[in-house]
Amino acid sequence: RKLLRKNAALLARIEREFGVQAPLIVAIWGLETNYGTEDLGALRVIRTLATLAHDCRRTELFQSELLAALQILQRGDLSLPDMIGGSAGEMGQTQFLPSSYLKYGVDYDKDGHVNLRRSVPDVLASTANFLKANGWQAGAPFGEGTANFEVMRTWNHALLYRKAIVLLTERIGER
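Note that this is a predicted model, so its numbers are computed, not measured.

1. Remarks on the packing of helix α3 (residues 22–33) against helix α7 (residues 120–133)
So, point 1. Following both chains from N to C, one finds α3 and α7 inclined at 110°, their axes separated by 10 Å at the closest point. Taken together, the axes of α3 and α7 lie roughly perpendicular to each other. Residues L24, I25, I28 and W29 of α3 touch α7, and the partners they reach there are V120, V123, L124, T127, A128 and L131.
So, point 2. Its residues assigned to classes, the contact of α3 with α7 shows nine nonpolar, one polar and no charged.

In C-alpha cells, the structure reads:
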C-alpha cells in the first residue's frame, strides 16, 4: 500500500492509459520481485539462453529468446552487466522474457531506453501494456472465472499464481 501511495500519480496515469488497475500492477510487481528489491535473478541472461537454446526440449523457443536478448543489447536498453536474470532468461522487476521485453516494453520515463531493471515507470507501464495487449478489459472484474483472469494466464499459466494476484490485489486495494 505504501508503494501504491508513493507511485499514485504514475500508477493513475498508467491505469488511464492501459486500463489495468493500479493495485493489480503493484501486486504483480510484489509477487515477481518483492517490488524490485530481490530475486531479480543472478544468472547471465545471454549465457543462460545460449545454453537453453541447445537443450533439445525447447530449442526453438530459447533460440528466439537468445536473439531477442541480443536485440535488447543492440538497441542499448540494457548493458551486458545488466543482463542478469532467472533460470529461463527472464529479466527485470516483473520478470519479462526477452521477447516480451521487446514486444511489450514501454519507455515510460522517456529516457530513450526501456529499462525493466531500474526504471519503475518503465516496469509498471510495461506490465500494464503486456496485459492490455493480451486482451485486458479495462474496468472489468478480474477474479476467477472472468475474461481478465484468463488474460492473466498469458502472464503466468499457474492457477494458484493467478489466484494469488487476485488476493494480493484485493488486499493492496483495501483502504
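Don't stop here, the text continues.
2. Considering the nonpolar core
So, point 1. In this structure, I14, L24, Y101, L124, L131, W136 and M152 are the most contacted members of the largest nonpolar core, which totals 47 residues.
So, point 2. Among the elements of the structure, α2 (8–18), α3, α4 (45–53), α5 (59–74), α6 (98–104), α7, α8 (147–155) and α9 (159–173) are those that each provide at least two residues to this core.
So, point 3. In terms of residue count, the dominant contributor to this core is α3 (seven residues).
So, point 4. Not counting residues within four places of it along the chain, the set of residues in contact with M152 comprises L24, L131, W136, F142, R162, I165 and V166.

What counts and how
- For every chain, the first residue of the written sequence is number 1, and numbering continues from 1 onward in sequence order.
- Under the rules for a predicted model, residues below a pLDDT of 70 receive no local features and side-chain atom pairs below 80 are neither given nor counted, while totals for whole chains, interfaces and linings still include all residues.
- Just so you know, side-chain values use all the structure's heavy atoms and leave hydrogens and water out.
- Helix axes are fitted to C-alpha atoms over the stretch in contact, other axes to C-alpha atoms as well, and angles between N-to-C directions run from 0 to 180 degrees.
- Only DSSP runs of H or I with at least four residues qualify as helices, and only runs of E with at least two residues qualify as strands; both kinds are numbered from the N terminus onward.
- Small angles under 35 degrees read as roughly parallel and large ones over 145 as roughly antiparallel, with 65 to 115 read as roughly perpendicular and the rest as oblique.
- Note on contacts: a residue pair is in contact if any heavy atoms of the two residues lie within 4.5 Å.
- Three categories are distinguished: nonpolar for Ala, Val, Leu, Ile, Met, Phe, Trp, Tyr, Cys and Pro, charged for Asp, Glu, Lys and Arg, and polar for the others, with Gly belonging to the last.
- What makes a nonpolar core is a set of buried Ala, Val, Leu, Ile, Met, Phe, Trp, Tyr and Cys residues whose side-chain atoms join them at distances within 4.5 Å.
- Burial classes: relative accessible area under 20% of the type maximum marks a residue as buried, over 50% as exposed, and values in between as partly exposed (1.4 Å probe, protein chains only).

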